[in-house]
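Given next are the chains, with one letter for each unit.
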Amino acid sequence: CQSATSACQGSVAVPGTNFTAHYHSHGSADYGILKNYAAVSLSGDASAGAFPSFFSVGSRSGFIDSYTFTGGEGSGTAYFTFAVDGITSQSGGAYGGSLFQYVPASNGVLDWAGQRNFSVIDGVGTIAVPIVFGSPVGMLLSFYALAQVFQWEEGSAAMADFSHTAILSKIAVRGSAGQLVGDFAIASASGTRYGANGVVPEPGSAALLLAGLGPAAYWHRKRNQPGI
């Protein structure tokens, strides 16, 4: 499902089994403010056999913009830090969790081959992005809530409720030698104002991306959490 206004939800009979999987996901996006919810549960039993795979439900929301950093020279790294408020639950061999994703963009075209995932640790997610001072860098920054069932048994369920928001709370910049650049500025293609404390409240006009993802065949988890 892809929608900015309604949830992706329903039920589906699992082929070759006596199970029915129930899924629900929804989300919303604004610059620096991302909300997502995903849940999955099973009804039925293993009398007709267990499904030899897993069932995945997710919700992803994000924002696309282009950033030009000044205050340093040459190459560097920008760190976008989000404060994450939410809860997860799981039972019967299921999993609920979240992550952040970065996808580079050129002239608004996303390069999915360059996608990188970043973990949420203790309510904090930090996305590290390579930059060149004075040159625009386009990207999609998104947040992903995920609920999965791994063991097929009656009552298996998972929920990832991050509808309370992931908020961009800090932007830090380091130079090529790792030195902290304290006096930096950011110009964005959207006109959105960004600073050391995230987004400076002001209406923007760049494209927002919102995708509510229903049943998925797989999910690749890569943990990459930089320390800054």
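This write-up is about the structure you can find in this document. Everything numeric here is computed off the predicted structure, so don't read it as measured data. (Residues numbered from 1 in each chain as written. Predicted model: local features only at pLDDT ≥ 70, side-chain atom pairs only at ≥ 80, totals over all residues. Heavy atoms only, no water.)

Observations regarding the overall build of the protein
- When you go through the protein residue by residue, the secondary structure sums to zero helices and 16 strands.
- The proportion of buried residues among the 228 residues of the protein is 43%.
- At a minimum sequence separation of 6, the contacts of the protein that also span at least 24 residues come to 77%.
- Of the roughly 10400 Å² of accessible surface on the protein, a fraction of 52% belongs to carbon and sulfur atoms. (Helix = DSSP H or I, 4+ residues; strand = E, 2+ residues; numbered from the N terminus. Buried < 20%, exposed > 50% of the residue type's maximum accessible area, 1.4 Å probe, protein only. Contact = heavy atoms within 4.5 Å. Areas by Shrake-Rupley, 256 points an atom, 1.4 Å probe, with all protein chains shown as cover.)

Here we look at the nonpolar core
- Residues Tyr67, Phe69, Phe80, Phe82 and Ile127 are the most contacted members of the largest nonpolar core, which totals 49 residues.
- Among the secondary structure elements, those contributing two or more residues to this core are strand S2 (18-30), strand S3 (33-45), strand S4 (55-70), strand S5 (75-84), strand S7 (94-106), strand S10 (124-132), strand S11 (137-149) and strand S12 (157-175).
- Ranked by the residues each element gives to this core, the list is headed by S12, at eight residues.
- Filtering out sequence-adjacent residues up to four positions away, Phe82 remains in contact with Gly32, Leu34, Phe63, Phe100, Gly123, Val124, Gly125, Ile127, Ala166, Ile167, Leu168 and Ser169. (Core = buried A, V, L, I, M, F, W, Y, C linked by side-chain atoms within 4.5 Å.)

Let's talk about the side chain of Thr126
- If you trace the backbone, Thr126 turns up in strand S10.
- Separated by 3.0 Å, the side chains of Thr126 and Thr81 make a polar contact. (Polar contact = N/O pair within 3.5 Å; in protein donor to acceptor, adjacent residues only side chain to side chain.)

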